[in-house]
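What follows is each chain in one-letter form.
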Amino acid sequence: MADKYEVIIVGAGPAGLAAAYKLAQAGIEVVVIERGDYPGSKNLSGGVLYSRVLDQLIPEFWEEAPIERYISSYITTLMTEEDYFNLEYKGKALGNTPYNAVTVLRAKFDRWLAEKAEKAGAMIVTGIKVEKLLKEGNRIVGISTGDEEMLADVVIAADGINSFICQEAGLRGEIKLDHLAVGAKALIELPRNVIEERFRLTGNEGAAYAILGEATHGVAGGAFFYTNQESLSIGVVMRLDDLVKARVKPPEVLDDLLEHPMIAPLVKGGIMTEYGAHLTGEGGLNMVPQKLYADGLLIIGDAAGFTINSGLVIRGMDLAIGSGMAAAEAVLEAKGKNDWSEAGLSAYSRILDESFVMKDLKLYAKAPGFMENDRLYKKYSLMVNHLFGKVYTQDLTPKEHLMKTAMQSLKENGISLFDLAKDGIMGVRAL
């Protein structure tokens, strides 16, 4: 006979592990199935975790979690082939606990979170691939790994952006190309003191860059650059449909970025220890399925399309953890009613709507449309760098009024006042 559990979670990322931890704490019998050799083994380097939601799950997590640095500086960069313009914000409040954001390396962080879930009572099973859902009529009653069947009152799908569970359950069809992006990412090791000197950091302070323009060779998307304790995470994210049209290769774009005059001095002498590509969500609210639950099933994290890219900030892990916690609450409500049907699990939708997860996804619903604007990647970086190049160059030519200089920069880079006004209005509405 197949083993029976109250909850089976497919995927040991932040979403699945957050749900497992919260459920195990409540005394629910839960097993997490992970196809990697260990939680986090399939993830490249890491990224920025907006971490106040983690403090709700595990109070004062920073005392024990393997965080790298807390983000004390945010830098937005407009880049051309040779020049760059940086806009930096550094705030004292960012260093207060609970931290606003931290950098993590997923191989370390996911294993730590899995250990927390195990200590709370969850079972983590690794190296196993789930092949299909088990059904009785329309209700999902478990999973099959090919060699083994496992039954559950409810299955929680946390199997990532390409969630076959979401598709097999009929909650989502093929994802549109314009809702997907390809990321190329590298991890570069440098001594801690070198990182702190180059990025003007003290102690556990960290810096996060969002880069637009030539960083992606004009393809819709952007680049990111984060500091860890003894390494740097750097990568490019390019929307799949635009990438196909442009016929550029993400690894080549990343190689060019590493040689850019802004980046090269910051990574000089570093040793690249990771390099790879992965698929990520880019559609925001538009790629979230209309229904996130079915008879015996809940969808969380990347599997549900919970990602936000506003151009200034890329978010995924905090939404994943928040959705995992919401799913756990929905399971506890369903258990109280002994109702694992679609109706019994529908509380998940209400709990999500009341949380920051759906509120923020709805707030930034127009961001993906705004980020489709070619001028963001091909013209505005050129215009801004051209403008400030003229402002700061003193070549004995009589200076002109700043407004006239700005108008010339717009004209020389093919941007009309109508374009500027339209893009400004769209940006305000989207962000």
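Everything numeric in this text was worked out from a predicted model, so none of it was measured.

Caption draft 1: Spatial organisation of a nonpolar patch on the surface. A cluster of nonpolar side chains, namely M403, M407, L417 and L420, defines an oily patch on the protein surface of about 360 Å² accessible area. Those elements giving two or more residues to the nonpolar patch turn out to be α16 (402-412) and α17 (417-430). Position of L417 relative to the elements: it lies in helix α17.

Caption draft 2: Spotlight on the nonpolar core. Of all hydrophobic cores here, the largest spans 86 residues; its most connected members are I156, L298, F306 and Y348. The element contributing the most residues to this core is helix α9 (residues 317-337), with 11 residues. Not counting residues within four places of it along the chain, the set of residues in contact with Y348 comprises L292, L298, I299, I300, F306, S323, A326, A327 and A330. If you look at the next biggest cluster of nonpolar residues, it comprises 35 residues, including I75, L232, V253 and M262.

Caption draft 3: Summary view of the UniProt feature "domain: FixC-like C-terminal" (unreviewed entry) in the protein chain. The UniProt record annotates "domain: FixC-like C-terminal" (unreviewed entry) at residues 367-430. The span residues 367-430 carries 72% helix and 0% strand; its end-to-end C-alpha distance comes to 5 Å.

Caption draft 4: Region of interest: the pattern of salt bridges. Within the structure shown, the criterion is met by 21 salt bridges. We note a salt bridge from K335 to E6, for which the minimum N-O separation is 2.7 Å. Here K335 is found in helix α9, whereas its partner E6 is found in strand β1 (residues 3-10), with 329 residues between them in sequence. Take K335: its relative accessible area is 40%, and that puts it in the partly exposed class. Owing to a relative accessible area of 15%, E6 belongs among the buried residues under this scheme. Of the charged contacts, one joins E88 and R200 as a salt bridge, the two residues approaching to 2.9 Å between their closest N and O atoms. A residue pair is termed long-range when its members are at least 10 positions apart, and E88 in strand β5 (residues 84-90) and R200 in the loop between α5 (192-198) and β12 (205-213) qualify at 112 residues. Given the relative accessible area of 56%, R200 is considered exposed.

Rules and cut-offs
- Residues numbered from 1 in each chain as written.
- Predicted model: local features only at pLDDT ≥ 70, side-chain atom pairs only at ≥ 80, totals over all residues.
- Heavy atoms only, no water.
- Patch = residues over 30% accessible without salt bridge, like charges linked within 9 Å, V, L, I, M, F, W, Y side chains within 5 Å.
- Areas by Shrake-Rupley, 256 points an atom, 1.4 Å probe, with all protein chains shown as cover.
- Salt bridge = Lys/Arg side-chain N within 4 Å of Asp/Glu carboxyl O.
- Helix = DSSP H or I, 4+ residues; strand = E, 2+ residues; numbered from the N terminus.
- Core = buried A, V, L, I, M, F, W, Y, C linked by side-chain atoms within 4.5 Å.
- Buried < 20%, exposed > 50% of the residue type's maximum accessible area, 1.4 Å probe, protein only.
- Contact = heavy atoms within 4.5 Å.
- UniProt positions renumbered as here; feature names shortened; annotations may be inferred.

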